[in-house]
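Residues per chain are reported as follows:
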Amino acid sequence: MPKKPSKSPAGKGPRTPARKPARVAAKRPTAVPKDASMASAGLSQERMVRALETIAAHLSAQGGPAVEPESFQRADAYVWHPDGRLSAVPRVSRVELFLLKGVDRMRDILMENTERFAGGLPANNALLWGARGMGKSSLVKAAHASINADRKAADRLKLIEIHREDIESLPALMEQLRASSFRFIVFCDDLSFDGNDASYKSLKAVLEGGIEGRPENVILYATSNRRHLLAREMIENERSTAINPGEAVEEKVSLSDRFGLWLGFHRCSQDEYLAMVRGYCSHFGIKVDDEALEREALEWSTTRGSRSGRVAWQFVQELAGRLGVKLTAN
């Protein structure tokens, strides 16, 4: 007799094979091609090698001094590079100290501070801030040259310029200079910070903050158009977004407090501007009728919209070029 089809336990229809839950099948790992797996591993290893090489190069650049102490005898001025190099500057672009007019008080204070430092006595870091073109950077370079004028080679001050964008490498520079027997002025021209730039923290640590502190044989001179080195909107943004606005602003404003000397430069008067022009003309042997010189100099400043040492120098260059006079001191 033909067999009857079996019934399900519930007695409803034929028994069908049980299906596995869908979730079990979903958990089953998808096979990865062997070639793709090896390529991924190779790529990760390559990235790791590149990262290690980058770290090693960075540590190597900061590890040992790129300039031996005795090489500082080659020149009185150098330019710092963030990879650890110090490039000698055989001839510094500067003007004579007596040609800087309208800054007598700032000149005397900076010279006294620099002389004390050169003599091994305590001295302050200096921030020269204020109006554009009034001789802030010229004063630093002129003071350095004046101090070295009558000094023996072994006692001469060294001037090292660090660019604004390299300020984060300042601790590495200090480490190189710490072991030298020479004394150094580290000079940063047009120092300021904008936006979310946090490199000012490196400067704060070097000036007064860190465990090691500033080396005794190093002093820092900086120039800026801003008294507090930070843009107003930068400070206001900190005040508006911080939980404690006062503390946030204090952290940024305190940077300029780390400079013991604040020397303010203000716009010069008409008489001071004309004195600058006459001083340059006398020094370089430019002979012009005084009345005509005054008229042309004032006209030049009017077209430039300002009076400053820089404007006076630019006028003298224009005048010397027209008269065929080379700007070499008599």
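Residues numbered from 1 in each chain as written. Predicted model: local features only at pLDDT ≥ 70, side-chain atom pairs only at ≥ 80, totals over all residues. Heavy atoms only, no water.

S.K.: How should I be thinking about helix α9 (residues 270-284) in this particular structure?
M.R.: Residue pairs spaced three or four apart in an α-helix point in one direction, given the helix's 3.6 residues per turn. Counted at 1.5 Å a residue, the expected span for α9 with its 15 residues is 21 Å, and the 22 Å between its end C-alpha atoms agrees. Residues of α9 that are buried make contact with α10 (290-304) and α11 (309-323). Looking one or two residues past α9, Gly 285 carries a phi angle of roughly 70°, positive in sign. (Helix = DSSP H or I, 4+ residues; strand = E, 2+ residues; numbered from the N terminus. Expected span 1.5 Å × (residues − 1). Contact = heavy atoms within 4.5 Å.)

S.K.: Honestly, the nonpolar core in this entry has me stumped. Any pointers?
M.R.: The nonpolar side chains of a soluble globular protein tend to be buried, and buried together. Residues Leu 110, Tyr 273 and Val 277 are the most contacted members of the largest nonpolar core, which totals 47 residues. Apart from the residues within four sequence positions on either side, Tyr 273 is in contact with Cys 268, Ala 297, Leu 298, Trp 300, Ser 301, Arg 307, Ser 308, Val 311, Ala 312 and Phe 315. In terms of nonpolar packing, the next biggest core, distinct from the first, is built from 28 residues, Trp 80, Leu 170, Phe 193 and Ala 222 among them. (Core = buried A, V, L, I, M, F, W, Y, C linked by side-chain atoms within 4.5 Å. Buried < 20%, exposed > 50% of the residue type's maximum accessible area, 1.4 Å probe, protein only.)

S.K.: Any chance you could explain the pattern of salt bridges here in plain terms?
M.R.: When their charged atoms lie close together, side chains carrying opposite charge are able to pair. Tallied over the entire structure, the rule returns 11 salt bridges. Between Asp 290 and Arg 278 there is a salt bridge, with its nearest N and O atoms 2.7 Å apart. Taken together, the residues Asp 290 in helix α10 and Arg 278 in helix α9 connect sequence positions 12 residues apart. Among the charged side chains, a network of salt bridges with common partners joins Asp 76, Arg 156 and Lys 158. (Salt bridge = Lys/Arg side-chain N within 4 Å of Asp/Glu carboxyl O.)

S.K.: In this structure, what is going on with the side chain of Ser 301? I would like to understand it.
M.R.: Here Ser 301 shows up in helix α10. By relative accessible area, Ser 301 is classed as buried at 6%. A distance of 2.8 Å separates a polar side-chain atom of Ser 301 from the backbone oxygen of Leu 298. In this structure, Ser 301 is in contact with Tyr 273, Ser 306, Arg 307 and Val 311, ignoring residues within four places of it in sequence. (Polar contact = N/O pair within 3.5 Å; in protein donor to acceptor, adjacent residues only side chain to side chain.)

S.K.: What am I meant to see in the packing of aromatic side chains here?
M.R.: Any pair of aromatic rings gets described here by the distance separating the centres and the angle formed by the planes. Here the structure, examined in full by the defined rule, presents 5 aromatic pairs. For the pair Phe 284 and Trp 313, a centre-to-centre distance of 5.7 Å together with 50° between the ring planes defines the contact as tilted. Highlighted residues: Phe 284 in helix α9 and Trp 313 in helix α11, separated in sequence by 29 residues. On the basis of relative accessible area, Trp 313 is assigned to the partly exposed category, the value being 25%. Each member of the aromatic cluster is reached from another via a ring pair, and the members are Phe 72, Tyr 78 and Phe 184. Above the ring of Phe 182, the side-chain terminus of Lys 158 is found at 4.7 Å from the ring centroid. (Phe/Tyr/Trp six-rings, centres within 6.5 Å; stacked < 30°, edge-to-face > 60°. Lys NZ or Arg CZ within 6 Å of the ring centre and 35° of its normal.)

S.K.: Please explain the sheet that holds strand β3 (residues 126-130) as it appears in this structure.
M.R.: Sheet strands associate in pairs through backbone hydrogen bonding, adopting either a parallel or an antiparallel arrangement. Within the open sheet, the 7 strands sit side by side as β2-β1-β4-β5-β6-β3-β7. Their pairing is mixed. A single partner strand is all that each edge strand has here, and the edge strands are β2 (86-88) and β7 (261-265). Mean inter-strand twist for the sheet, computed between neighbouring axes without regard to direction, equals 25°. Pairing between strand β1 (residues 77-80) and strand β4 (residues 158-161): 3 bridges, direction parallel. Residue Val 79 lies in a different strand from β4, and its bridge partner there is Glu 161. Relative to β3, helix α4 (residues 136-148) is tilted by about 145°, and along the sheet it contacts β3, β4, β5 (184-188), β6 (218-224) and β7. Along the sheet, helix α5 (residues 170-178) makes contact with β1, β2, β4, β5 and β6, crossing β5 at roughly 165°. (Pairing = 2+ DSSP bridges. Axes fitted to C-alpha atoms, helices over the stretch in contact; angles between N-to-C directions.)

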